[in-house]
Amino acid sequence: MADLKAPVEPFRIKVVEPIRPVARKEREALLRQSGYNVFGIPAEKVTIDLLTDSGTSAMSDDQWAGLMTGDESYAGARNFFHLEKAVQSIFGFTHVIPTHQGRAAERVLFGVMVKKGDGVPNNIHFDTTRANIEFLEAQAVNLAGPAAYDPDADQPFKGDMDVARLKKFIEAKGVRKVPLVMMTVTNNSGGGQPVSLKNIKEVSRVCAHYEVPFFLDACRFAENAHFIKKRENGYAKKTVLEIAQEMFSYADGATMSGKKDALVNIGGFVTFDDDGLAEKVKNLLIISEGFPTYGGLAGRDLEAMARGLNEVLDESYLEHRTAQVAYLGGLLDRAGVPVFKPFGGHAVYVLADRFLPHIPRHQYPAWALTVALYRESGIRGVEIGGVMFGEKTGKGKKEVYPELEMVRLAIPRRVYTASHLQVVADALIEIYQNRGKIRGLRIVRESPFLRHFTAQLEEI
Ligand SMILES: Cc1ncc(COP(=O)(O)O)c(C=O)c1O
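The structure reproduced in this document is the subject of the present report. (Residues numbered from 1 in each chain as written. Predicted model: local features only at pLDDT ≥ 70, side-chain atom pairs only at ≥ 80, totals over all residues. Heavy atoms only, no water.)

Quick notes on the sheet that holds strand β9 (residues 347-351)
Now for step 1: Strand order in the open sheet formed by three strands is β9-β14-β11, and the pairing between neighbours is antiparallel. Edge strands, defined here as strands with exactly one partner in the open sheet, are β9 and β11 (382-384). Direction aside, the axes of adjacent strands within the sheet are offset by 35 degrees on average.
Now for step 2: For β11 and strand β14 (residues 406-410), the ladder comprises three bridges, and the chain directions are antiparallel. From the neighbouring strand, Glu383 faces β14, where its bridge partner is Val407. (Pairing = 2+ DSSP bridges. Helix = DSSP H or I, 4+ residues; strand = E, 2+ residues; numbered from the N terminus. Axes fitted to C-alpha atoms, helices over the stretch in contact; angles between N-to-C directions.)

Below, the structure written as C-alpha cells:
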C-alpha cells in the first residue's frame, strides 16, 4: 500500500485562479449538449480538471519572467538558441527543430520517414503517433511486453518493449518496410508506466543490428528517468539529468511534446543527428509550422520551453510529482476502487471494466465512467479505452477493443494540491459505492481519426 501521507507541495503559490462550483442540473445539461463527451464541456464548467497533464502545467516565476525576454524576430530569435542549447545538453542531438506541439513533431518526422505499407513499432503508440502513422497508410504496431496489459503485475517497468517480438516483427515485415522504431517514455496509453534503461539498450541494439533508426517519444522523459533512479539497479546515485542523457544516448532521435515535461502550455520539437533527414524535415516544417528557428511558436514560447526543460530535472519537483500520483492512487486503492498498479508517472488509471462489470465493452464502460464522474462531481477525466482505441476491422467492420479499458485521471503539473486530490478520491469512491446506477453509451456520430475528441454519444 502506498504511503498515504499527503505530499507536501515543493512550491509556494503566487498566482491563483478561482474554481467556481457548477450545479448538478447545469452539469446534466452540459453533458446532453456535448453529446456525452467531456471534451465538449467548457473548462470553466469543470471543478477539477484531470482531462490531461498536457499543456496544463503551471509555469514558474522564472518561466513567466522568460516570456518577457521573447525575441519575436522571424528568423534566428535568441530564444531559439536558448532552446537549442537546453535540448542539446539533455538530449544530446545536433538538430533541434521546434514545432507547435508533439503531434506536429510526429507529423513532420513521419511525413519524411514513413511510407504507405510501412510498419512502425512502439511499446504502445499514443493516439497521435498512431493517427499520424495511419494517416500515411502505414501500420502502427504495439509491442509492449505482457506486463503492460496486466494491471496487477507488480513489476517496476511495465512500459518495456518485448524485444523478441520486435525482432520477429522486423524479420516478418522486412527491414525496408520498418522506417523507424519508437519507444514511448513513459508509456502513456499503458498506464503511464516507465521503460527501463536495460530495455532501451536492448531495443537500441536490435535497431542497430537491423540499421533501423530508433526514436524516443520523449514527452515524459524526466518522469521516466526519475523512475529509473528509483527502481532500476545501479542508478540510485546518478542524477536524473545523467539518466536522461543515458536514455537518449541509445537513441537516434526523439519527438517531444513540451506540453508535458517541458512544463509549458504549448510547444514541442523533434531532435536527431542525421543532416539529410534534418533538411527534409525542415522543408516540410516550413510549409505548415513555420521557419525552422520558430516552428509555429512565438519567441516567448521557445524561452519558456528552454527554462522548463531545466526545471523539470529538479529532483524535489519529480519526487512530489510522482508522490501526488501515488497519493491519489493509494486513496482509491485503499477504498477498493480498481486501479492500474504500480502507479505511474503522470496519472492514475482506473480500471473501468472492473469498476462497471455490468457494462459490456461495446457500451464503453470507461466512457460511461467519465460521464458519471462529471455528472456527480464536476471532475473531468479521460477515457483511454474502446472509444479512443476501438478499431473497426474485417468484412463486417466489427469493432475490436484494446486490452485495457481505463479512465485516466491525469494530474496537471504544479496545479493542484493534496486537498484537491482528496476531493477527487472522495468523489470517485462515492461513485464506486453507487456504481450499479451507471449506464453504458452508444456512439451516434464519429470522425475517422481520433474520434474520441469529437464523438457524440447517447446513454442506453
Ligand atoms: C506519449 C505522447 N505522445 C505524443 C503526444 C502528443 O503531444 P501533443 O499533445 O503536444 O501533440 C502526447 C500527448 O498527450 C503523448 O502523451
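Quick look at the pairing of strand β5 (residues 181-184)
Now for step 1: A two-sided burial pattern is seen for β5, the buried positions comprising Val181 and Met183 on one face and Met182 and Thr184 on the other.
Now for step 2: The sheet contact formed by β5 and strand β6 (residues 214-217) spans four bridges and is parallel. In the sheet register, Met183 faces β6, and the bridge partner there is Leu216.
Now for step 3: The β-α-β motif built from β5, the intervening helix α7 (residues 197-210) and the parallel element β6 has right-handed crossover chirality. (Buried < 20%, exposed > 50% of the residue type's maximum accessible area, 1.4 Å probe, protein only. Right-handed = clockwise from strand over helix to strand, strands pointing away.)

Thoughts on the sheet that holds strand β8 (residues 268-272)
Now for step 1: The mixed open sheet is built from five strands, whose spatial order is β2-β8-β7-β6-β5. Each end of this open sheet is capped by a strand with a single partner; those strands are β2 (95-99) and β5. Going from strand to strand, the sheet's axes swing by 15 degrees on average, the running direction of each strand aside.
Now for step 2: Pairing of strand β7 (residues 253-257) with β8, which is carried by five bridges, proceeds in the antiparallel orientation. Note that in β8 the partner of Met256 across the bridge is Phe269.
Now for step 3: Helix α3 (residues 78-91) rests against β2, β7 and β8 of the sheet, and its axis sits at about 120 degrees to β2. (Contact = heavy atoms within 4.5 Å.)

A word on the site of the ligand
Now for step 1: In the vicinity of the ligand there are 15 residues, among which Gln101, Arg103, Asp217, Ser257 and Lys260 approach most closely.
Now for step 2: Between Asp217 and the ligand, the recorded distance is 2.8 Å, taken from a side-chain N or O atom to a nitrogen atom.
Now for step 3: For the shell around the ligand, the element with the most residues is helix α4 (residues 102-113), which contributes three residues.
Now for step 4: When the residues that make up the shell around the ligand are grouped by side-chain class, the tally is two nonpolar, seven polar and six charged. (Near = heavy atom within 4 Å. Polar contact = N/O pair within 3.5 Å; in protein donor to acceptor, adjacent residues only side chain to side chain. Nonpolar A, V, L, I, M, F, W, Y, C, P; charged D, E, K, R; others polar.)

Considerations on the nonpolar core
Now for step 1: The biggest cluster of nonpolar side chains holds 65 residues, and the ones touching the most others in it are Leu328, Leu332, Val350, Phe355, Leu369, Leu409 and Leu428.
Now for step 2: Top contributing element to this core by residue count: helix α16 (residues 418-433), with nine residues.
Now for step 3: Those residues in contact with Leu428 that lie beyond four places of it in its chain are Leu332, Val337, Val350, Phe355, Leu369, Leu373 and Leu409.
Now for step 4: Core analysis: the second largest hydrophobic core is formed by 61 residues, Phe169, Ile170, Val181 and Ile243 among them. (Core = buried A, V, L, I, M, F, W, Y, C linked by side-chain atoms within 4.5 Å.)

Side note on the pattern of salt bridges
Now for step 1: Taken as a whole and assessed by the stated rule, the structure comprises 33 salt bridges.
Now for step 2: In this structure, Arg413 engages Asp53 in a salt bridge whose closest nitrogen and oxygen atoms are separated by 2.9 Å. Separated by 360 residues along the polypeptide, Arg413 in the loop between β14 and α16 and Asp53 in the loop between β1 (48-49) and α2 (61-67) bring together distant segments of the chain. Taken as a pair, Arg413 and Asp53 share a single burial class, namely buried.
Now for step 3: Taken together, the shared-partner salt bridges connect Arg24, Glu28, Arg375, Glu376, Arg439 and Glu459 into one network. (Salt bridge = Lys/Arg side-chain N within 4 Å of Asp/Glu carboxyl O.)

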